[in-house]
Structure formats: structure tokens, C-alpha cells
There are 2 protein chains.
Amino acid sequence: MNNLDTVLLQSREAFLQYRTRSGMAKANFLEAIASEIEALGDPLIQKAMEETNLPEVRLIGERGRTCNQLRQFASMVREGSWVEARIDTALPDRQPLPKPDLRKMMVPLGPVVVFGASNFPFAYSTAGVDTASALAAGCSVVLKAHPAHPETSAMVAGAISKAIRACGEHAHVFQHVQDSSFEAGKFLVQHPLTKAVGFTGSFSGGKALYDYATSRPEPIPVFAEMGSINPVFILPGALKVRAAKVAEMYAASITQGVGQFCTNPGLMLSIQSPELSSFTQQLATKIREVAPATMLHPGIANNFIKNRGKALKEKGVTLVAESSVPAKSNQGIPTVASVNAEDFLKNPALVEEVFGPYSLLVISKSREELFKALDAIPGQLTATIIGEDDELVDYADFIQRVSDRVGRVIINGVPTGVEVCPAMHHGGPFPATTDSRFTSVGIDAAKRWVRPVSFQNFPHGLLPAELQNQNPLGIWRMVNNTWTK
Amino acid sequence: MNNLDTVLLQSREAFLQYRTRSGMAKANFLEAIASEIEALGDPLIQKAMEETNLPEVRLIGERGRTCNQLRQFASMVREGSWVEARIDTALPDRQPLPKPDLRKMMVPLGPVVVFGASNFPFAYSTAGVDTASALAAGCSVVLKAHPAHPETSAMVAGAISKAIRACGEHAHVFQHVQDSSFEAGKFLVQHPLTKAVGFTGSFSGGKALYDYATSRPEPIPVFAEMGSINPVFILPGALKVRAAKVAEMYAASITQGVGQFCTNPGLMLSIQSPELSSFTQQLATKIREVAPATMLHPGIANNFIKNRGKALKEKGVTLVAESSVPAKSNQGIPTVASVNAEDFLKNPALVEEVFGPYSLLVISKSREELFKALDAIPGQLTATIIGEDDELVDYADFIQRVSDRVGRVIINGVPTGVEVCPAMHHGGPFPATTDSRFTSVGIDAAKRWVRPVSFQNFPHGLLPAELQNQNPLGIWRMVNNTWTK
């Protein structure tokens, strides 16, 4: 691991220089990365298609989202208010003691280790949101490429290197590590110069990194986005008036991207009724129509087959429908199963994620049993409620309880499709993530990589621009308890 | 532990009700607590004097700070902008996909367990900053009283109960636990209904709680403020012009409150020179003049005697001065020792805290050796630099490196005396705290107990007031990327 030790030493050196760069300089750098990725053109898309089996239109869209993210972070740091500047000016004559001048702002944590994700080769990988937000925050980044798309990752890393040279940034502000061994990941997380970790992937992978990080002599934060089954509560009134529409919407959401989105709806819950039976039949019809498709890599496909098989054998679980088209090797088979709430409540295995195009419908006998089923579901990225306006009001307390255990509550929509905007929270209580207080989508994702520092009684010339009296950057600040620009 | 299980179940029930209370209701409650504490009058001060050996004037000041904190949090939640509301309105006609309506704000985590601190019977104990900030955030609180001041704690808990009744809050929104056993603390932290922990005390205590919390099946955040030796770098120019003044200021800071402040300056660092020798003599003279005083409780006094003795026996450490007044039992002896930087750099034991009126002066041979000594110091709450204006500019890079490892940098002051205001950051990199990203002083302390939730496509009537279109609370929000009120 000598070479990885060097990588962290270089990252630390780069950090010490990069942390002093202005918001303007960082914005130019992030925008240059976006432009260099776009300049890679069609060969990048073709390479990603080859390595991930994802369709062209999806990858073009994901590249757009990735560059859009980079530019949103660029806007954020160019504008500058994100550092949460607070100024309390001195009161030298205060009795019984004078009040000192105090000024506070966010500063970057240090070198960040980012693990690329298999299911988003652009948006959560090499120049994805973890890298973009860490660079925006002023941290250096060591990126461990996901072994399922090494060449795609190398191409994007090359684009970042070009941007580094074009902007005159430190050569090691971003470093690309291709070692896919378990030991390499462990070494990077345990290295004393690593100050934070970003990860998107499986529960077992994320939890292992969390355990390494929290048992270091100096514990560090790990932002691991792990499994989520994204429960969908379908209320009786909605089924009465639009069962077919909901069935169609969910057949699409469950199978979108071969079910390989972290917000894939893996659990649907409702109350038994003739309308629910009708909905189930309509959903079954739609699911049968969706053809199996090749998953990201053989490991994921094998796990899907294994976990789906295991889930279908659990007590009380019955197959509702699967794709009527025979599956080839490494393909995910669109599947819906069902179970009654009584069996569901007795079996914690039924809230484990089956990563892929699989969803389990839990049928309650009553509203009370539906409420109990909610309590059996651990922390999630999202939960969705499908209901008519009047019944949503009737279920207001229930919706409140739902929001207690998730990061995002959706009314009458689908959880798939994560909008990149300031009001998005992509995170949630454990085990959805290791830290429910932070998002991995949207500009607030940069908050993961910073901490506050107070500057007391500083000579004005030594203060960062963000905290100088004349507010040279024109940012929003809380000055003597009042927000001002 | 049956009774503690009941405590957490009750806390959860109280939370489910309290979390829906308006900012106005929470503000009234916090202010009522402050008033009820003041209404306890002199008997509270007398009881605290008896239990902590702290002087009356200090305790009156600390009570004032505690009530001031409660009222600052009341102002914060009454004003309301602290929830970081973000609104991104829908774009139904956007191509290729419509953009949903998304709104985000902070919501409380759940029941919080707070451990009272021995060195601040009011400000960091029963109704101290952890309790006040958690109640402001909308969390219920289980307070484990510090066994060194049980009756003081019970009196303050009684004041909170009165405020609960007066404001009609849930009886269990605050609960007072007097069980001082190690097992009780462990049980509270490991209980599945506990969602976060606040602690101020020793490194061993805080780290043990952190380890319990991170190894739970569902890990939870622990905000433990632990040891800090608060290094003070005394630059050569300052010694040339004001050695006597600095010596006087530091003799007072080292011995203030018998050295029992978390920001006590336990380490001073400088470069050898005739002026440093003169400073050392002046500091010695002042330290000899300060009489020993009784510490908070016999356990702390015994540890001081033990740790001071151990420190003075470390290789190269010599006694510079100690109080000329003989110490009685349970008293802390004002002490300054010195060591050369060469020995300091070889011995990690010398950065361990000696809690009490003790400080170690590290003498470097050169500026370079001073820089090396900085690198040997782990994370701290504060660092101080004493220097003339021109030399501060000369040391700008050094000051930047200092800020890399602390929560607050003070120029030409003393670290003791923690101002309660928005620009204060009281926290710092490990081992000063378990989470450098959050403060335990000032209104931002409430951020420890919340997480964001996004509400997607909600019927307007089901949105919290903070996120409704007409902004009924008149709070600052980021609406479609623009800050607005």
C-alpha cells in the first residue's frame, strides 16, 4: 500500500494549497471539469454503454445531470453565501466583561476519499456529486474507481486532469485510484490523512467502511448511501378512482433502469379491498409486458437472482407476476410478489432490499395493520403516499409518522427520478444512510465536507474575504443577529 | 433497567407530540424554563456552591448565561429561519420531464439523551445548552444528572417541570434521571429509541459513549465535548514589547475557576530568547501568588494530583513554578512546567490534558521547531496566537495551519471565556470533540438535533407552515435559488 500512502500524502499537500482558493477559482475549475467531460463526446457514452449495459439515452441524460451538478456547485461557490458566515462585532465597553469580535465560517475538512458507484457511472462516480461537492467545499479528492466501469472512470478522470492543468490547480487535488481490492478501500479509509469518506452502494459495503472509520484512532465521518426499499403506501380512495393509472405508473417505476436506482420502489403497502385486487391484476399485466434487461454487471445480476429467489421463498410470499419474456444471462426479471401484513410483520427479512426490478406488495386487513406495517420498516431514502386529497387529510398523522423515518416524502408520484435542486434531500435515517443529517444530492451536499471555525479578535487583514467588514464578496451573512448582504 | 426503558418509551411518546409544536410554543416554553430557574432564587446558588465548591459570583454569572442561552434559543425558534427552508416550485411543462414541487426543512431527530457536566452545574447541565438546544429543535430530552451536583440538578429539573405544566407541554418532554451508574449511561445510549446523545466531560467518558453509539445496530450521533489543552503560541515580537502583560493575563487564565474550564490553556509554545526567559520568570512570579482552591469534587482533585505528578515526571519536564501557598485536601495547585520542543516532540503523553490549573511551556529552538510542535498537537477546541501586528502577517501561513486543527482561533486574547453568540464555535477536531462539524455553544448548537426532510408534491394544506407559499411565519427561505423573506 506504499503507493496509496503516497496518494494521501500528495492529497494532503494539494489540500493545503487548494483550501485557500477563492470561490471564483473553484467555480472556474468545476465548470472546466464539466466542459472537459462534455468535450469527451460520444466515445465516453459508448464506453459507458459497453461497461454498464445502460442504454444510450439514459447515459446521455446522466452525463447532463453530472455536468449540471458541477455547474450548480460552481454557482454556489461563486455566489459564496454557502459558508454560513456569522459576524458578532466587539463591544469593548460591555459590563462586566468586554465582548470580543467573533467571526465564523465553514472551512473544508481535508482530503476526502470517494468510492464510485456502479449504478451511476457518471452522476455518483468519478466526477459525480461526492467529488463535485468535495471540490466545491475546498477539499482534495481521492477517487476509488468502481471496478465495473474502469475505463469510463479513467476517461472522466482524464477530463478532470485536463481541467486541473487548464486552471493551474495543484496536480493532486484529484487523484484516481484503480485498485479494486478490498484492502485498498480499507487502507484509504483508515489512513490518518483521510478526513471524510463518501460512498454509494450496498449496505454491507457502506457499513464496513463506517465501522472502519468510526474505529480509527481519530474517527472520521462516512457518508454512505446504502440500501433503501422506498415504501409506497397506496390508500383506498386512490385505488377506487385510478387503480389502472397507479398500476401503470408503478410498473414503470419498478422496472426503470432494470430496477437499479437507489429510490426504486421495492415495497408497496395497501389495505385489502376489491379495488386492490383489481390494481394487483392491472400491475401484474403491466409487469408481464416488461422485458428482462441486462443488469450493470454479472455480480449484481447474480445477487438479484439469488435475493429474488430467497424472497419468493419466504413464508407467505407469493409471486404476483413476472416478465413473460424469458430472461437471458445477467438479466433482471421484472417481478412483483405479495404477502399479507401478518406474515410481513413477523419476518424482518422482508424489508431487506432485493436490488433490481423487484417489488413486494404487503396487504393489510385494516388501516391499523397498515400503521403497524409502517413501524416495521427501518429508515429509508423515500416513502410515497398515493391518495386522494380528502383521504390525505384524513391520514395526516400517518404521513407525519412516515416522515419520521425517511428523507423524502412524495405524494402521488414515484420515488425514482431524483431532482437536482436545493430543496432535494437525498438521504435518510439508518440503514438508508450512515448520517441522516446530510444529503448527497443538491448543493447542500457540500455541507458534508466542512466544519465551522471561529476567528476571535483577528486583525482585519488576516480575515478571510468572507468575514471582512466591507463584505467584498457580497454574500449573505448573519451580522449581529441580522441577515444582511 | 426496566424504569429506564419506561423513560425512553415516555420520551418517544412526548416527542411525537412535542415535534409538532410551533416555534412560538417552543419559545414560550424555553422562556418559562429560564424564568422558573430565576424564580428559584438564592437557594439554588447556595446549593450549587455547596455541591461544586464554585464561588457565588461565578455561579450567579453561570446562571445568567444559562437563562440567556434559553432565551437565545427561544428567539431563534420564534423567528423561525433556523429550519433552513428551501422551496423549488414545480415546472410542469419542463422538457424532457416535468419538475415536481419540492420543499425541504429541518425536522427533529427524536429523543435525545444528555449527560450533565460536572464543571458547569447550570450552563452544561440540567437546563444547559444541550437541553436547551434539543428542546428548541423539537426533541424530547432525557437528562442524566451529574452525580457531583444531584440536588442542584433536581432543583433545576423541578423548574423545568413547572414550566412544562405552565405551558401545557407533554409531561415527559423532559425527564430527569438520577441513576449515576455506568450501566445506566450505557443503557440510555444503547436504547433503540434514543436518537442522539450530548455529553461534556472527559475523553474516556465521551469516547466510551461514542463507541456504544456507533456500534449500535442503528448507529446514532454523539456530540461529546472531551479534552482540550488549548495551545497558546507566543510569538517573539509580542514578548519583546509586552512580556509582563502576557504573563499576567495567562497566570489568570490558567488558574481561573481552578483551571476547570474546557478552554483552559494547558499548553504554551514559544521560541527561546532572553525575552522568553524574562516572560517565564514573570509568569512564575504570578503563579506563585495564586492560592490553591478547592476543585469541583474529590474525584477531579485526585485526578489532578495524579496527572500533575505524572506530567512533572515526564522526560525533560521541569517545574517552573507552583503556588507558594500550601494546598489543603481536594485543592488544585496552580502549576507551570516547561520542556524543550525536542523532548515534547518525542512524547505524546505531553499533549494529554491535566484537567486543572496546570500549563506546560514548550520551548523551541527555532521557528521551524515551533511549526513542528504544532503538527504534534491533536485536534483542539481553541488555539491562541499572541503576536504583534506585523509578525502576525509574517506568520499568516502558520495561523492558517493552526486553524486546520482547532474550532476557534484567538489572536491576542485568552481562550477562557466562551462568548454565547451566533459567531461562536465551541467544538473542534477529534479528540476535542467527536464531531467537529457542530458547536455546543450558540444557536447553531440546535443543528445537532435535526435532519432535513423533503416534501415532494404535497397538497398545500399538509405542508408545515414553514414551507407554505404565503410564508405565514415570515422566515428567510431559499425559494427557487433566491433568498427571500
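Everything numeric here is computed off the predicted structure, so don't read it as measured data.

**Describing the sheet that holds strand β11 (residues 318-322) of chain A**
The strands making up a sheet are joined through hydrogen bonds of the backbone, oriented either antiparallel or parallel.
For step 1, the next point in the chain: Here we have 12 strands laid out as an open sheet, ordered β11(A)-β13(A)-β14(A)-β9(A)-β8(A)-β15(A)-β16(A)-β17(B)-β2(B)-β1(B)-β18(B)-β19(B), and mixed in their pairing. Where the open sheet ends on each side, the last strands, each with one partner, are β11 of chain A together with β19 (482-484) of chain B. Between one strand axis and the next, the sheet turns through 25° on average, direction left out of account.
For step 2, the next point in the chain: Here β11 of chain A runs beside strand β13 (residues 335-340) of chain A; their pairing, made up of four bridges, is antiparallel. What sits directly across from Thr-318 of chain A, in β13 of chain A, is Ser-338 of chain A.
For step 3, the next point in the chain: The strands that helix α11 (residues 298-313) of chain A touches are β11, β13 and β14 (358-364) of chain A; relative to β14 of chain A, the one it contacts most, it runs at about 15°.

**Details of the interface of chain A and chain B**
For step 1, the next point in the chain: With 73 residues of chain A in contact, the opposing surface of chain B contributes 73 residues.
For step 2, the next point in the chain: Both sides of the chain A and chain B interface together cover about 6000 Å² of buried area, and 53% of this is carbon and sulfur.
For step 3, the next point in the chain: For the chain A face of the interface with chain B, the top three residues by lost area are Ala-423, Arg-437 and Arg-451 of chain A, together amounting to 12%.
For step 4, the next point in the chain: With a closest N to O distance of 3.4 Å, Asp-404 of chain A and Arg-12 of chain B form a salt bridge.
For step 5, the next point in the chain: Our count for the contact surface shared by chain A and chain B stands at 44 residue pairs in polar contact (both at pLDDT 80 or more).

**Let's talk about the pairing of strand β6 (residues 196-200) of chain B**
Residue and element names in this part refer to chain B.
For step 1, the next point in the chain: The buried fraction of β6 is high, at five of five residues.
For step 2, the next point in the chain: Alternating residues of β6 divide into Ala-196, Gly-198 and Thr-200 and Val-197 and Phe-199, and every residue in both groups is buried.
For step 3, the next point in the chain: By the bridge criterion, four bridges tie strand β3 (residues 112-115) to β6 in an arrangement that is parallel. In the sheet register, Phe-115 faces β6, and the bridge partner there is Phe-199.
For step 4, the next point in the chain: In this sheet, strand β7 (residues 222-225) lies alongside β6 in parallel orientation, the contact comprising four bridges. Following the sheet pairing, Thr-200 is matched in β7 by Glu-225.

**Structural notes on the packing of aromatic side chains**
Residues and elements named next belong to chain A.
For step 1, the next point in the chain: All chains considered together, the criterion is met by 28 aromatic pairs over all chains.
For step 2, the next point in the chain: Taking the centre distance of 6.0 Å and the plane angle of 70° together, the rings of Phe-115 and Phe-199 count as edge-to-face. Residue Phe-115 is located in strand β3 (residues 112-115), and its partner Phe-199 is located in strand β6 (residues 196-200); the two are separated by 84 residues in the primary sequence.
For step 3, the next point in the chain: The class of Phe-199 is buried, set by a relative accessible area of 10%.
For step 4, the next point in the chain: Seen in terms of ring centroids, Phe-203 and Phe-430 are 5.8 Å apart; in terms of plane orientation they differ by 70°. Their pairing is edge-to-face.

**Points about the domain arrangement of chain A**
All names here are of chain A.
For step 1, the next point in the chain: Parsing chain A into structural domains produces domain 1 (2-226 + 436-484) and domain 2 (231-411).
For step 2, the next point in the chain: Distance from the C-alpha centre of domain 1 to the C-alpha centre of domain 2: 35 Å.
For step 3, the next point in the chain: With 11 residues of domain 1 at the interface, the matching set in domain 2 holds 10 residues.
For step 4, the next point in the chain: Together, the buried faces of domain 1 and domain 2 total about 860 Å²; carbon and sulfur atoms form 61% of this surface.

Calculation rules
- Residues numbered from 1 in each chain as written.
- Chains lettered and ligands numbered in written order.
- Predicted model: local features only at pLDDT ≥ 70, side-chain atom pairs only at ≥ 80, totals over all residues.
- Heavy atoms only, no water.
- Pairing = 2+ DSSP bridges.
- Helix = DSSP H or I, 4+ residues; strand = E, 2+ residues; numbered from the N terminus.
- Axes fitted to C-alpha atoms, helices over the stretch in contact; angles between N-to-C directions.
- Contact = heavy atoms within 4.5 Å.
- Buried area = accessible area lost by both parts, 1.4 Å probe.
- Salt bridge = Lys/Arg side-chain N within 4 Å of Asp/Glu carboxyl O.
- Polar contact = N/O pair within 3.5 Å; in protein donor to acceptor, adjacent residues only side chain to side chain.
- Buried < 20%, exposed > 50% of the residue type's maximum accessible area, 1.4 Å probe, protein only.
- Phe/Tyr/Trp six-rings, centres within 6.5 Å; stacked < 30°, edge-to-face > 60°.
- Domains from an automatic or database assignment.

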